[in-house]
Amino acid sequence: MIIVLLGPPGAGKGTQGERLAEQLGIPKLATGDVLRAAVREGTPLGLAAKAAMDRGDLVPDDVILGIMKEALASPTAAKGVILDGVVRTTPQAEGLARVLEELGRPLDAVLVVEAPDEAIVARLSSRTVCDVCQRPFTGREPGERCSIDGHQPEGTLVRRKDDEPEAVRNRLAVYQRQTAPVIDWYRTHGAPLRFVDGMGTLDEVLGRIRVSLGI
Ligand code: AMP
């Protein structure tokens, strides 16, 4: 199954994508995770992407298309892949369509996880992530230890730079300007679009996602 997860930052795509990938037994590709790892490792990709990411702006489409192509052609994606935050502009949607056509694979669903702006700002401003395993937490303070079982070295919770209020405001504006039109692009191209309310408990949202996908 190839599923594109769309939706504003902080709607829960990452968390739900992780659970969905686990349940379907397929990997999740999150370009944000790939780029953050590149920044941490100080690779040329990371150095090129860091400033745009810190501001909450998008990195160039050709960079994303390169990551997307490589991931889809990999044997680990043979059974499918959950694409989390990967398609964020119309050129990226066109690029993904071309890659899937070349690979002879269908796009099974475009799942839009929705949440109101106020809820997003509240969620992101109280989010911390482990600096080692990158797992997100809500309502836990920077400096606390990560509670995820036994990874070494033990992690410390930090605030993502792009979760600072100014960057969050910019990310929401970028979403409206550059990513929301992707939904219309998929609609006019007859893609299997599904809309899911991202508010509620993790289980409630996952339940809605499963119903909307018929799984
Ligand atoms: P995320 O973890 O999905 O919130 O992504 C964090 C940041 O990585 C975004 O604010 C962008 O700067 C960059 N990024 C991730 N995915 C993309 C994409 N598909 N297109 C452009 N920039 C992206």
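Before reading on, note that the structure itself is shown above.
Fair warning: this is a prediction, and the values are worked out from it, not measured in the lab. (Residues numbered from 1 in each chain as written. Predicted model: local features only at pLDDT ≥ 70, side-chain atom pairs only at ≥ 80, totals over all residues. Heavy atoms only, no water.)

Draft legend 1. Layout of the pairing of strand S1 (residues 2-6). By the criterion of burial, S1 is predominantly enclosed, with 5 of the 5 residues buried. What you see with S1 is no split at all: Ile 2, Val 4 and Leu 6 on one side and Ile 3 and Leu 5 on the other are buried throughout. Summarising the sheet, S1 and strand S3 (residues 81-84) pair through 4 bridges and their orientation is parallel. Looking at the pairing, Val 4 lines up with Leu 83 of S3. (Buried < 20%, exposed > 50% of the residue type's maximum accessible area, 1.4 Å probe, protein only. Helix = DSSP H or I, 4+ residues; strand = E, 2+ residues; numbered from the N terminus. Pairing = 2+ DSSP bridges.)

Draft legend 2. Geometry of the sheet that holds strand S6 (residues 136-138). If you walk across this open sheet you meet the 3 strands as S6-S5-S7, and the pairing is antiparallel. Only two strands of the sheet have a single partner each, and these edge strands are S6 and strand S7 (157-158). Judged from the 3 bridges that link them, strand S5 (residues 127-130) and S6 form a sheet pairing that is antiparallel. Residue Arg 127 lies in a different strand from S6, and its bridge partner there is Thr 138.

Draft legend 3. Local environment of the side chain of Arg 160. When you line up the elements, Arg 160 lands in the loop between S7 and helix H7 (165-188). The class for Arg 160 is buried, based on a relative accessible area of 15%. One polar contact links Arg 160 to Asp 162, side chain to side chain, over a distance of 2.9 Å. (Polar contact = N/O pair within 3.5 Å; in protein donor to acceptor, adjacent residues only side chain to side chain.)

Draft legend 4. Representation of the pairing of S3. Residues Val 81 and Leu 83 point to one face of S3 and Ile 82 and Asp 84 to the other, with burial holding for every one of them. In terms of strand pairing, strand S2 (residues 28-30) meets S3 through 3 bridges, oriented parallel. Bridged to Leu 29 within S3 is Leu 83.

Draft legend 5. The site of the ligand, seen in detail. As a matter of local geometry, the ligand sits amid 16 residues, with Thr 31, Arg 36, Asp 57, Val 86 and Arg 88 nearest to it. Between the ligand and the protein, one listed contact pairs an oxygen atom with a side-chain N or O atom of Arg 36 at 2.8 Å. Between the ligand and the protein, one listed contact pairs an oxygen atom with a side-chain N or O atom of Arg 171 at 3.4 Å. A total of 4 residues in the shell around the ligand trace back to one element, the largest contributor, which is helix H2 (residues 31-41). (Near = heavy atom within 4 Å.)

Draft legend 6. Representation of the sheet that holds S1 within the structure. With respect to topology, 5 strands assemble into an open sheet ordered S2-S3-S1-S4-S8, the strand pairing being parallel. The two strands at the open ends of the sheet, each matched to only one other strand, are S2 and strand S8 (193-197). Recorded for the sheet is a direction-independent mean angle of 20° between the axes of neighbouring strands. On the sheet, helix H8 (residues 202-213) packs against S1, strand S4 (109-114) and S8 and is oriented at approximately 160° with respect to S8. (Axes fitted to C-alpha atoms, helices over the stretch in contact; angles between N-to-C directions. Contact = heavy atoms within 4.5 Å.)

Draft legend 7. Up close: the pattern of salt bridges. Considering all chains together, one arrives at 13 salt bridges under this definition. Two residues, Lys 50 and Asp 54, come together in a salt bridge whose shortest N-O distance is 2.5 Å. Of this pair, Lys 50 and Asp 54 both sit in helix H3 (residues 44-55), 4 residues apart, which is roughly one turn of that helix. Residue classification places Lys 50 among the partly exposed positions, given a relative accessible area of 37%. (Salt bridge = Lys/Arg side-chain N within 4 Å of Asp/Glu carboxyl O.)

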